[in-house]
Amino acid sequence: MTGILIALLSGALMSIQGVFNTEVTKTSGIWVAAGFVQLTALFVCVVAWLCTGREPVTTIGQVQPKYMLLGGVIGAFITYTVIKGMDALGPARAVMLIVIAQLIVAYVIELFGMFGVEKQPMEFRKIAGMVIAIVGIIIFKWK
């Protein structure tokens, strides 16, 4: 149950952050806004690190494979694409497409056991669920 609540909170926070970031870009520009987001995230992480376990920073160098360290780079482009998507489509439409893309990519990662994730068998019900979600987006977007 805790995992479900945390995931729901994550989705809500992503939507709110996307709206905030989109509004900030109207004054500052997209890369300034994205950089500010990453900088403030760094500040929060440093404060949280100081208040908690304080694992040695040097352990980051032990991460294998090294490409796993690209999360921050990907995060910068996530910020950029969320801002651009929300600006072009509005929050509801953009978030629906973002969630569908996340679902499809996550399922492909599981199916093929990519990036160290345990490989899962293909299940028709999961494919059907994604198709239903896509149909829901079409209905939602239909004018």
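Below is a short write-up of the structure. Keep in mind it's a predicted model, so treat the numbers as computed, not measured.

### Regarding the packing of aromatic side chains
Here's step 1: In total, this model carries 3 aromatic pairs according to the counting rule given.
Here's step 2: Each ring, one from W31 and one from Y80, has its centre 4.9 Å from the other, and the planes form 5°; the classification is stacked. One end of the pair, W31, is in helix α2 (residues 30-51); the other, Y80, is in helix α3 (residues 71-89), with 49 residues separating them in the sequence.
Here's step 3: The exposure class assigned to W31 is partly exposed, which follows from its relative accessible area of 47%.
Here's step 4: For Y80, a relative accessible area of 25% puts it in the partly exposed group.

### Overview of the pattern of salt bridges
Here's step 1: Going through the model one piece at a time under the given rule, you end up with 3 salt bridges.
Here's step 2: Its salt-bridge partner being E123, residue R125 comes within 3.0 Å of it at the nearest N-O pair.
Here's step 3: A relative accessible area of 59% means that R125 is categorised as exposed.
Here's step 4: Owing to a relative accessible area of 22%, E123 belongs among the partly exposed residues under this scheme.

### Points about the packing of α3 against helix α4 (residues 91-112)
Here's step 1: α4 packs onto α3 with a crossing angle of 130° between their chain directions and a minimal axis gap of 7 Å. In terms of orientation, α3 lies oblique with respect to α4. Between α3 and α4 lies a crossing of right-handed hand. Contacts between α3 and α4 pair V82, G85, M86 and L89 from the former with P91, R93, A94, V95, L97 and I98 from the latter.
Here's step 2: Partitioned by chemical class, the residues of the contact of α3 with α4 number 8 nonpolar, 1 polar and 1 charged.

Parameters at a glance
- Residues numbered from 1 in each chain as written.
- Predicted model: local features only at pLDDT ≥ 70, side-chain atom pairs only at ≥ 80, totals over all residues.
- Heavy atoms only, no water.
- Phe/Tyr/Trp six-rings, centres within 6.5 Å; stacked < 30°, edge-to-face > 60°.
- Helix = DSSP H or I, 4+ residues; strand = E, 2+ residues; numbered from the N terminus.
- Buried < 20%, exposed > 50% of the residue type's maximum accessible area, 1.4 Å probe, protein only.
- Salt bridge = Lys/Arg side-chain N within 4 Å of Asp/Glu carboxyl O.
- Axes fitted to C-alpha atoms, helices over the stretch in contact; angles between N-to-C directions.
- Parallel < 35°, antiparallel > 145°, perpendicular 65-115°, else oblique.
- Left-handed = near helix turned anticlockwise from the far one by under 90°.
- Contact = heavy atoms within 4.5 Å.
- Nonpolar A, V, L, I, M, F, W, Y, C, P; charged D, E, K, R; others polar.

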